[in-house]
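For reference, the chains in residue letters:
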Amino acid sequence: MSTQAAALRFSLLGPVTATQGGLPLDLGPRQRRVLLVRLLVAHGRPVSLGRLCEDLWEDRIPARAATSVHAHISRLRRALHPAGSSGAGRDGVLATTPYGYALHVADEDRDTVRFERAVTVGRELLDTGRPEPAADVLAEALAMWRGDALADADELPFAAREIARLTESRHTARELRVRALLLAGRPDQAVHTAHDLVADEPLRESAWDLLMRSLALLGRPAEAVQQYDRARRVLHAELGVEPGPALRGLRQAIQHHTMPPLGPRMQPGTRVAC
């Protein structure tokens, strides 16, 4: 890959941004940024002109959609390539191929990839009994987020699956960090993070579990039981269900001062399905 390509960094964990040598690039109006998002989520695979028009405009494709895409591609190339280089060949960052347009970007130059790799490292550290570095790695991973994933394209169907996947990965990373903090003997920090988890995802029983554990380990078992009552009210009001056996068992354990030890791995099936 060229030096120019290696100097480029793309961020999708929030509104799309691109930097070259640490300096921000002007990506232009929203439609152009959405086009860039579409090419980035293709992970280097070419996307045909017809598919780009369908994904950008859905069922309201204007008569001059193809012309608009060509113009946006041309201006993106000017932003992503050095002066005097068109970048239009197959080896350019934004390449034209017989099958459409392709954006050639190294994995490590995407914040989405760096985030998911960091989460994997954090999980491995936690699994091998190193909660302190796990908590730090996961904190650094979560700091990459600047808003909602793929925010420029959050209403477009082509982005829905990737948004859902990245959002779930973020939730997992946050829960892993709470577990790491608890295993590292830092329940005071865990409580604050767990409160945020519950506020953002009140239908995840795993979030309530972590909040209750954090409070109990901080010496506040009465508050932990109160949080169970809150969870029960929320789940009943929103979904018409009662808390699952794991959360009920945790409440009883806290009440009897026999709370089970927290393992490094999260238990499956902790999210309530709507």
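Going by the structure above, here's the rest.
Not measured: the values here are computed from a predicted model. (Residues numbered from 1 in each chain as written. Predicted model: local features only at pLDDT ≥ 70, side-chain atom pairs only at ≥ 80, totals over all residues. Heavy atoms only, no water.)

1. Regarding the pattern of salt bridges
We apply this condition: Basic side-chain nitrogens of Lys or Arg form a salt bridge, by our definition, when they fall within 4 Å of a carboxyl oxygen of Asp or Glu. Working definition: helices are DSSP H or I runs of at least four residues, strands are E runs of at least two. Numbering for both runs from the N terminus. Throughout this description, buried means an accessible area under 20% of the type-specific maximum (1.4 Å probe, protein chains only), exposed means over 50%, and partly exposed covers the range between.
Applying the stated criterion across every chain yields a total of 16 salt bridges. The salt bridge partner of glutamate 132 is arginine 186, with a shortest N-O separation of 2.7 Å. With glutamate 132 in helix 6 (residues 131–142) and arginine 186 in the loop between helix 7 (157–183) and helix 8 (187–200), this residue pair connects regions lying 54 residues apart in the sequence. We classify glutamate 132 as partly exposed; its relative accessible area is 37%. Each of Arg38, Arg51, Glu54 and Asp55 takes part in a single network of salt bridges with overlapping partners.

2. A short note on the pairing of strand 4 (residues 94–97)
Consecutive residues of a regular strand have side chains that alternate between opposite faces of the sheet. Rule in force here: Two strands are counted as paired when DSSP detects at least two bridges linking them.
Taken together, the four bridges between strand 4 and strand 5 (residues 100–103) define a ladder with antiparallel strand orientation. Paired with threonine 97 across the two strands is glycine 100, which belongs to strand 5. The loop that links strand 4 with its antiparallel partner strand 5 comprises two residues.

3. So, the sheet that holds strand 3 (residues 23–24)
Strands belonging to one sheet form pairs held by backbone hydrogen bonds; the direction of such a pair is parallel or antiparallel. As summarised here, the arrangement of the three strands in space is 1-2-3, forming an open sheet in which the pairing is antiparallel. Where the open sheet ends on each side, the last strands, each with one partner, are strand 1 (8–11) and strand 3. For strand 2 (residues 17–20) and strand 3, the ladder comprises two bridges, and the chain directions are antiparallel. Bridge pairing in strand 3 places glutamine 20 opposite leucine 23.

4. A short note on the packing of aromatic side chains
Geometry of an aromatic ring pair is reported as the spacing of the ring centres plus the angle between the planes. Cut-off, in case you're wondering: Two rings from Phe, Tyr or Trp (for Trp, the six-membered ring) form a pair when their centres sit within 6.5 Å of each other. Planes less than 30 degrees apart are called stacked, planes more than 60 degrees apart edge-to-face, and all others tilted.
Under the counting rule described, the total for this entry stands at one aromatic pair. Seen in terms of ring centroids, phenylalanine 115 and tryptophan 145 are 5.5 Å apart; in terms of plane orientation they differ by 80°. Their pairing is edge-to-face. One end of the pair, phenylalanine 115, is in helix 5 (residues 111–127); the other, tryptophan 145, is in the loop between helix 6 and helix 7, with 30 residues separating them in the sequence. The buried category is assigned to phenylalanine 115, whose relative accessible area is 0%.

5. Observations concerning the nonpolar core
Applicable threshold: Residues belong to a common nonpolar core when they are buried Ala, Val, Leu, Ile, Met, Phe, Trp, Tyr or Cys residues joined through side-chain atoms within 4.5 Å.
Among the nonpolar cores identified, the biggest contains 76 residues, and Leu39, Leu103 and Leu150 are the most heavily contacted of them. Among the elements that line this core, the one with the most residues is helix 7, at ten residues.

6. So, the packing of helix 2 (residues 30–41) against helix 4 (residues 65–80)
For clarity, the cut-off: Axis lines are fitted through C-alpha atoms, for helices just across the contact stretch, and the angle between N-to-C directions can take any value from 0 to 180 degrees. Between 65 and 115 degrees an angle is taken as roughly perpendicular, under 35 as roughly parallel, over 145 as roughly antiparallel, and anywhere else as oblique. Here a residue-residue contact requires only that any non-hydrogen atoms of the pair lie within 4.5 Å. Residues are grouped as follows: Ala, Val, Leu, Ile, Met, Phe, Trp, Tyr, Cys and Pro are nonpolar; Asp, Glu, Lys and Arg are charged; all remaining types, including Gly, are polar.
At a closest axis distance of 10 Å, the pairing of helix 2 and helix 4 adopts a crossing angle of 80°. Between helix 2 and helix 4, the crossing angle belongs to the class labelled roughly perpendicular. In this structure, helix 2 contributes Gln31, Arg32, Leu35, Leu36 and Leu39 to the contact, and helix 4 contributes Val69, His72, Ile73, Arg75 and Leu76. Class assignment for the residues of the contact of helix 2 with helix 4 results in six nonpolar, two polar and two charged.

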